[in-house]
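# Residue-level structural notes
Letter by letter, the chains look like this.
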Amino acid sequence: MSEIFKGIPKVSYEGPESKNPLAFKYYDADRVILGKKMSEHLPFAMAWWHNLCANGTDMFGTGTADKSFGSALGTMEHAHKKVDAGFEFMQKLGIEYFCFHDVDIAPEDQDINKWQKNLDEISDHILEKSKETGIKDLWGTANMFNNPRFMNGAGSSNSADVFCFAAAQVKKALDLTVKLGGRGYVFWGGREGYETLLNTDVKLEQENIAKLMHMAVDYGRSIGFTGDFYIEPKPKEPMKHQYDFDAATAIGFLRQYGLDKDFKLNIEANHATLAGHTFQHDLRIAAINGMLGSIDANQGDYLLGWDTDEFPFNVYETTLAMYEVLKAGGVTGGFNFDAKNRRPSYTMEDMFYGYILGMDSFALGLIKAAEIIEDGRIDEFIKERYKSYSEGIGKKIRDGKTDLKELAEYASKLGTPALPGSGRQEYLESVFNSVMFK
Ligand code: XLS
Ligand code: NI
Ligand code: NI
């Protein structure tokens, strides 16, 4: 098979001093951080859709990047070429996983049966490459937002026929995920929401989404899928309001409908910020609820109100993210670069530069987060800040061994309580900086 990314060598670690654009400056797969190799801390994945399909088309203009890989777009030949391109790309970068939607790997046909045959053919090819290279699926999903039939959602559609199409797609995407050894299966509720409440039965829609998810769990388990299902929260876009608004909302939904044993969350940085949170916030909320499953690694633009899906560059953000991940004991999924090059970065080299930037930003985030933990001042401060709960009346509150009456008596004896102690935010921020730039 002939090389597709000609002139691009295998990308290796050369260290921060290197000026070679096609080398890692921080990602050193075998370097051990807090007892684990970087590659184990950071199971990176390539997003089939952005990397092999998206060509820079936006609302105002057609594509700028040529992703034909030498064949006619939208053909099966092209779909096969994308498999070859994808595996060459991942091998050159040392990436061990990929993520896909059904529509990314094989061209959609109006006839669902024909489409499913196409999916079988292409997934055979992917499987063959996977066996040859050891590169595996991180998670699979069904695209239930692109086709016009999903204009009102999939599980949340007003049409039962559309619900059945969604079910057929989920079933097939689960088959493919199992076939390709996927660790997870994602539900991103792309159009599971509404444009106006004037035409929407929210209760029915949410119940139906839960039914679709339950059916997916039952079917998945019946065909041997042992991985996690994930909800990927996002507050809006494409819909005005999406039901899986943020981590907290999605967790509430999963518990409400008894899905919390089989589901975790796939937290995307840019979705958290769209919801008015930091990336760190949604990671923390997922983690403390035992639901931190996987990560869609990207970055938004704070000046723009949409999902810009940029490659992560902000090392403060990746450090805070990796601090959460380390504290949570890691992720069971991985780090999927749900990210795309900017439209004017249209060459094949740019595809590599995007991933090198993303992998280096997370590697540096990991290094710095580990240093913050080893430094200990921040963790120690937090421990100290809550120490009133480790003894006396505080301990009784924590242990559930008191009541309002006793606490009221305690308060009345105190008279005027002391202030709770300075939050020391500025001090902690300067500690953070001193570790970042030491
Ligand atoms: C879009 C989502 C999407 C999911 C997979 O905003 O991030 O790409 O990750 O359907
Ligand atoms: Ni997104
Ligand atoms: Ni995503």
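Scroll up to find the structure this text is about.
Let us look at the structure shown here. (Residues numbered from 1 in each chain as written. Chains lettered and ligands numbered in written order. Predicted model: local features only at pLDDT ≥ 70, side-chain atom pairs only at ≥ 80, totals over all residues. Heavy atoms only, no water.)

What follows deals with the packing of aromatic side chains. In the structure shown here, the tally under the stated rule is 28 aromatic pairs. Between phenylalanine 5 and phenylalanine 69 the ring centres are 6.1 Å apart and the planes differ by 70 degrees, which places this aromatic pair in the edge-to-face class. In this pair, phenylalanine 5 sits in the segment before strand S1 (12-13) while phenylalanine 69 sits in the loop between helix H2 (48-53) and helix H3 (76-93), placing the two residues 64 residues apart along the sequence. Relative accessible area serves as the criterion here: at 0%, phenylalanine 5 is assigned to the buried category. Judged by relative accessible area, phenylalanine 69 falls into the buried class, the value being 7%. Three or more aromatic residues link up through ring pairs in this structure, and these residues are Phe5, Phe24, Tyr27, Phe44, Phe69, Phe89, Phe311, Phe335, Phe337, Phe352, Tyr355 and Phe362. In this structure, arginine 149 packs its charged tip against the face of phenylalanine 165, placed 4.0 Å from the ring centre. (Phe/Tyr/Trp six-rings, centres within 6.5 Å; stacked < 30°, edge-to-face > 60°. Helix = DSSP H or I, 4+ residues; strand = E, 2+ residues; numbered from the N terminus. Buried < 20%, exposed > 50% of the residue type's maximum accessible area, 1.4 Å probe, protein only. Lys NZ or Arg CZ within 6 Å of the ring centre and 35° of its normal.)

Attention shifts here to unusual backbone geometry. Across the chain, the bulk of peptide bonds are trans and the bulk of non-glycine residues have phi less than zero. The amide bond that connects glutamate 237 to the next residue, proline 238, takes the cis arrangement and shows omega of 10 degrees. In this fold, proline 238 is placed in the loop between strand S10 (228-231) and strand S11 (241-242). Positioned with a positive phi, leucine 34 is a non-glycine residue whose angle comes to about 45 degrees. Summarising the element assignment, leucine 34 is placed in the loop between strand S3 (32-33) and strand S4 (36-37). For glutamate 237, which is not a glycine, the phi torsion comes out positive at approximately 75 degrees. Along the chain, glutamate 237 turns up in the loop between S10 and S11.

A few words on the site of ligand 1. Ligand 1 sits among Trp49, His101, Trp139, Trp188, Glu232, Lys234, Glu268, His271, Asp296, Asp307 and Asp338. In this structure, an oxygen atom belonging to ligand 1 sits 3.1 Å away from a side-chain N or O atom of histidine 271. Between aspartate 307 and ligand 1, the recorded distance is 2.8 Å, taken from a side-chain N or O atom to an oxygen atom. Considering ligand 1 on its own, with 290 Å² of exposed area, one finds that the protein chains cover 94% of that surface. (Near = heavy atom within 4 Å. Polar contact = N/O pair within 3.5 Å; in protein donor to acceptor, adjacent residues only side chain to side chain. Areas by Shrake-Rupley, 256 points an atom, 1.4 Å probe, with all protein chains shown as cover.)

This part covers the packing of helix H6 (residues 160-179) against helix H7 (residues 202-222). How two helices sit against one another is set out by the angle between their axes and by the gap between those axes. With their axes 10 Å apart at the nearest point, H6 and H7 run at an angle of 30 degrees to one another. Considered as vectors, H6 and H7 are oriented roughly parallel to each other. Helix-helix and strand crossings are classified by hand; for H6 and H7 the assignment is right-handed. Residues Phe163, Ala166, Ala167, Val170, Lys171, Leu174 and Asp175 of H6 form the contact with H7, whose own contacting residues are Asn208, Leu212, Met215, Ala216, Tyr219 and Gly220. Classifying every residue of the contact of H6 with H7 gives nine nonpolar, two polar and two charged. (Axes fitted to C-alpha atoms, helices over the stretch in contact; angles between N-to-C directions. Parallel < 35°, antiparallel > 145°, perpendicular 65-115°, else oblique. Left-handed = near helix turned anticlockwise from the far one by under 90°. Contact = heavy atoms within 4.5 Å. Nonpolar A, V, L, I, M, F, W, Y, C, P; charged D, E, K, R; others polar.)

What follows concerns the pairing of S10. With burial as the criterion, each face of S10 is covered, one bearing Asp228 and Tyr230 and the other bearing Phe229 and Ile231. Relative to S10, strand S8 (residues 184-187) is paired through four bridges, and the arrangement is parallel. Its bridge partner being in S10, tyrosine 185 is matched across the sheet by phenylalanine 229. (Pairing = 2+ DSSP bridges.)

These values are about where atoms sit, not about what they do.
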